[in-house]
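Working through the structure, step by step
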Amino acid sequence: MRPSVPFALLVVAGLLTGCARFSPDGGMDEVAQSVGREAGADAGRSVVKIASAEQAQRAKEQVAALLAPPVSADAAVQVALLNNRELQAAYNDLGVSEADYVQASLPPNPGVSLMGVAGTGLANIEFRLIEDILGLFTLPRRTAIAAEHFEHARHQAIATTLRLAIDTRRAHVRAIAAQQQVGFLDQARATVDQAVRLNARMGDAGGGDQLDQAELAAFYAELSAKLGQARLTARQEREKLVRLMGLWGSDVEFALPSELPDLPGEPDTQAAVEREAVNRRIDLIMGRHDIAALAKSLSLNQATRYVSMLQLAGIYNDESANMLTNNNTAINRGGAQLDLQIPIFDTGEARERKARESYMAAVNRLAAKAVNARSEARIAYETYRGTYDIAKFYRDRVLPLRGVVSKEIALRYSNGVLAGDGMRVDLFKYLTDARARIMANAAALDARRDFLLASTDLQAALTIGGPEIGATTAPMP
């Protein structure tokens, strides 16, 4: 047995060299690089796994600096990546997956059995060293499977980060649009209030009637109700953004830009959006890792179908005579024991069938995801181009024409009021135009909001997908 000791040590050393090690960054470096490529360099630098008090303090200082000026979309994304605790939990899940990967790469620990027999007139001691031979033989394949699962978890962390960034951009656009809608309605109500006051003065001078005053008052009340509803919507949209950014306390008092960004001069052109989606979608990359892991698992099940338990034990027995007989002879014996499970009832067919069906299910799901990814990319780009054309038409055609009409009607109404004739016709036109102008400006604002949301949805369709693809348009208030 002595010559086998060096050989056993060499085998153990070879197995240990193949063991995985914990990475210095816990897999976060690739996550940060991928997020930086898809969401911008600033977002990539904000991908940090907070694991110490120093890192938490540094993140807090960065958040405070980002919240000082009016928070742009990029700044909101950085705050969310630094401050959102759900995202930090996802990074902890990545650490758990890495621990599972390292654990799977370790050889099975040997077992030790020590037995002593007394009361037979002999001193009998038996020592056994037991090793799971099947676990050693299958270690490389099990390590490869765990590596695929770790890659899946890493891309899951990338997808979670990008999802948070995209959701934050959506919430940022909606919050500013709702805030801007409040400002517009407040301004419109102030204009109507001036008309109400002017008509009231004419009534005091005997130049108006109660019907005119009632109609203006009703219109003012209608605008007040719409303004109250818009303020409630603005608070709701802002709170959604606050939750995504992980803010509380005094930090929620940050300021937002007063208006949505202007439309670009020309929309982006995307050639072969379907191919871009298939190549870049994180969920498809995760599906490929799942298939690779299941293929390796199927191969492992096929290789171990008939042998599910194989153990080898080295035995050393020391038997000495009882001291009472003055016989001090000692007998040392050595040997080996092989434990093998006989596949009589369970031949492994069920395990192999399950592994094969799981593999084919993953293949079919990946194919279905690829089809959906192509469709989502097409509709996202069509929505992006369509909302751009609509927003541009409102900006260049509808609002200028509506401005001309409103200016002329307001002039005629004011002249009619001052002259004291034709007020009924002028007032009716004034109220009709005011309603049309408010609807046109609200629709133009919604169109610009929908374009910005569609632009974000297009990036989502090319990277992570999601249920909101192609569904950015909201009903007009």
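Residues numbered from 1 in each chain as written. Predicted model: local features only at pLDDT ≥ 70, side-chain atom pairs only at ≥ 80, totals over all residues. Heavy atoms only, no water.

1. Things to note about the packing of helix α4 (residues 53-67) against helix α5 (residues 73-83)
- At their nearest, the axes of α4 and α5 sit 10 Å apart, and the two run at 160 degrees to each other. By the angle between their directions, the pair α4 and α5 is classed as roughly antiparallel. The two elements α4 and α5 cross, and the hand of that crossing is left-handed. In contact with A59, Q62, V63, L66 and L67 of α4, α5 contributes A75, Q78, V79, L82 and N83.
- Residue composition of the contact of α4 with α5, grouped by class: seven nonpolar, three polar and no charged. (Axes fitted to C-alpha atoms, helices over the stretch in contact; angles between N-to-C directions. Helix = DSSP H or I, 4+ residues; strand = E, 2+ residues; numbered from the N terminus. Parallel < 35°, antiparallel > 145°, perpendicular 65-115°, else oblique. Left-handed = near helix turned anticlockwise from the far one by under 90°. Contact = heavy atoms within 4.5 Å. Nonpolar A, V, L, I, M, F, W, Y, C, P; charged D, E, K, R; others polar.)

2. Re helix α6 (residues 85-105)
- Between its terminal C-alpha atoms α6 stretches 31 Å, which fits the 30 Å expected from 21 residues at 1.5 Å a residue.
- For α6, the N-terminal capping position is held by N84, with its side-chain oxygen 2.9 Å away from the main-chain nitrogen of E86. (Expected span 1.5 Å × (residues − 1). Polar contact = N/O pair within 3.5 Å; in protein donor to acceptor, adjacent residues only side chain to side chain.)

3. With respect to the pattern of salt bridges
- Evaluated as defined, the whole model comprises 21 salt bridges.
- With its nearest N and O atoms 2.6 Å apart, the salt bridge here joins D74 to R169. Here the residue D74 occupies a position in helix α5, and R169 occupies one in helix α8 (residues 139-204), the gap between them amounting to 95 residues.
- By relative accessible area, which is 40% here, D74 ends up partly exposed.
- R402 is paired through a salt bridge with D433; the nearest N and O atoms lie 3.1 Å apart. You can see R402 sitting in helix α12 (residues 349-419) and its partner D433 sitting in helix α13 (residues 423-463), a full 31 residues away along the chain. (Salt bridge = Lys/Arg side-chain N within 4 Å of Asp/Glu carboxyl O. Buried < 20%, exposed > 50% of the residue type's maximum accessible area, 1.4 Å probe, protein only.)

4. Quick notes on α5
- The element α5 is extensively covered by neighbouring structure, given that eight of its 11 residues are classed as buried.
- Of all the positions in α5, only A75, A76, V77, Q78, V79, A80, L81 and L82 are classed as buried.

5. What about the confidence of the model for the protein chain?
- Taken as a whole, the protein chain shows an average pLDDT of 81; of its residues, 74% reach a score of 70 or greater.
- Across the protein chain, element-level confidence peaks in α5 with a mean pLDDT of 95 and bottoms out in helix α1 (residues 4-17) with 47. (pLDDT = per-residue confidence, 0-100.)

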